[in-house]
Amino acid sequence: MSPEAMKFNTRTIHGGQEHDKAYGAVMPPIYQTSTYAQTTPGGHKGFEYSRTHNPTRKALENAFASIENGKFGLAFGSGLAAIDAVIKLLRPGDEVISTNDLYGGSYRLFTKVFEGFGIKFHFTGMENASAIEDYVNEHTKLIWVETPTNPMMNIIDIEAVASVARKHNILLAVDNTFATPYLQRPLDLGADIVMHSATKYLGGHSDVVMGALVVKDKELADQLYFLQNASGAVCGPMDSFLVLRGIKTLHVRMQRHCENGKAIAEYLKDHPKVESVYWPGFEDHPNHEIAERQMDDFGGMVSFVAKGNDYAEAIRIVENLNVFTLAESLGGVESLAGHPASMTHASIPRGEREKTGVVDSLIRLSVGIEDINDLIADLAQAIG
Ligand code: P1T
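Now for a description of the structure that goes with this document.

What counts, and where the lines are drawn
- Residues numbered from 1 in each chain as written.
- Predicted model: local features only at pLDDT ≥ 70, side-chain atom pairs only at ≥ 80, totals over all residues.
- Heavy atoms only, no water.
- Salt bridge = Lys/Arg side-chain N within 4 Å of Asp/Glu carboxyl O.
- Buried < 20%, exposed > 50% of the residue type's maximum accessible area, 1.4 Å probe, protein only.
- Helix = DSSP H or I, 4+ residues; strand = E, 2+ residues; numbered from the N terminus.
- Axes fitted to C-alpha atoms, helices over the stretch in contact; angles between N-to-C directions.
- Parallel < 35°, antiparallel > 145°, perpendicular 65-115°, else oblique.
- Left-handed = near helix turned anticlockwise from the far one by under 90°.
- Contact = heavy atoms within 4.5 Å.
- Nonpolar A, V, L, I, M, F, W, Y, C, P; charged D, E, K, R; others polar.
- Near = heavy atom within 4 Å.
- Polar contact = N/O pair within 3.5 Å; in protein donor to acceptor, adjacent residues only side chain to side chain.
- Areas by Shrake-Rupley, 256 points an atom, 1.4 Å probe, with all protein chains shown as cover.
- Domains from an automatic or database assignment.

Structural notes on the pattern of salt bridges
Okay, so step 1: Considering all chains together, one arrives at 17 salt bridges under this definition.
Okay, so step 2: Here K21 and E18 are joined by a salt bridge, their closest N and O atoms 3.1 Å apart. Each member of the pair K21 and E18 is classed as exposed.
Okay, so step 3: In this structure, R316 and E313 form a salt bridge, with 2.9 Å as the shortest nitrogen-oxygen distance. Taken together, the positions of R316 and E313, both in helix α11 (residues 311–320) and three residues apart, correspond to about one turn of that helix.

In structure tokens, the structure reads:
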């Protein structure tokens, strides 16, 4: 069967993969090597040096491309290293329009690193795609979209943003970390670049830090491969193997993340001591219609604020959880709870983050795939 003909749940296991030519190993071997023997200068079997290429990483990059319906995949040493490569496509004087609710580390990379190199970033809510046009000018080269947003779970209409990007000949990159290609395929909706913190759902087991990019266009892929090699923020073969293994169960894990996420969101919504719950599956979520159209389900991320909107109460709740672990990150099989204002989003100035709802009382849950009764019992005892 051609890879294009395979359904998603088959591609997670077989997409872009070949059996090992030497011994028929079903899993790609971990080619733990930095270099490759040459018979004469340039006389090699396609691999020269592992910053440039590595067979285990190549198998993973092919898997990334396959599950995102792209043609070219690239793996990096972290999600931020993948974002770094995208921004290095730009030049001083260029401008970027980004969602205003996004991972704190992405915001920090944009404002504290790349603004210093003369790239200008505009942050705006993109729930209304036409509002983006206010920031477009002749210098605009990239639109950066995170959807669902981290941590407020806003949903951006990728097709609508893509039509603005196309009209003005601007690249569109979508951070698909929260949704994963199981729920949403940005390249099919008109994005040029899809990005992941593969640390999260793609790896799925909280044991690797990694980033991914996938594109369809050969010229864009060549520029990114050049940057991947020239800047060198690549991942190693062991980590490549682990994420390849993680992707093989992405569809079954995501199914359970979505079921558990829904149950927790509904439990919290009905809880008398909870003030607000942010989850795109609710019919009264402001962007629910877009989520229904562009996603196949609503994912395992849920944010909430307890009654009283109080910092000390939020800290008390996260400290009392014991099936949920208080920790940075998300997307692993185990449930995690985070306090964005002091953890993942601490690098965004208070004024900026509070504008988007990231208040000191906000708690973010990455709902894992444990027994739902244990997760609900844990929240019940912690909220009290
Ligand atoms: O941590 P790293 O693999 O470098 O990925 C950065 C990143 C990019 N995009 C999104 C949407 C992310 O959530 C992240 C990392 N986020 C966390 C560590 C977190 O707990 O939110």
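Having seen the structure, we can now continue with the description.
Concerning the packing of helix α9 (residues 250–270) against helix α13 (residues 372–383)
Okay, so step 1: At a closest axis distance of 10 Å, the pairing of α9 and α13 adopts a crossing angle of 30°. By the angle class used here, α9 and α13 are roughly parallel. Like other packed secondary-structure pairs, α9 and α13 cross with a definite hand, here right-handed. From α9, N260, A263, I264, Y267 and L268 reach across to α13, where they touch I372, L375, I376, L379, A380 and I383.
Okay, so step 2: Tallied by class, residues from the contact of α9 with α13 come to ten nonpolar, one polar and no charged.

Concerning the site of the ligand
Okay, so step 1: Neighbouring the ligand are 18 residues; D175, T199, K200, S329 and R364 lie closest to it.
Okay, so step 2: Residue N150 places a side-chain N or O atom 3.0 Å away from an oxygen atom belonging to the ligand.
Okay, so step 3: Its free accessible area being 480 Å², the ligand has 94% of it covered by the protein chains.
Okay, so step 4: Mapped by element, the contributors of at least two residues to the shell around the ligand are α3 (79–87) and β6 (193–197).
Okay, so step 5: For the shell around the ligand, a count of residues per class yields five nonpolar, eight polar and five charged.
Okay, so step 6: Two domains each put at least three residues into the shell around the ligand: domain 1 (7–247) and domain 2 (250–383).

What is shown is where atoms sit, not what they do.
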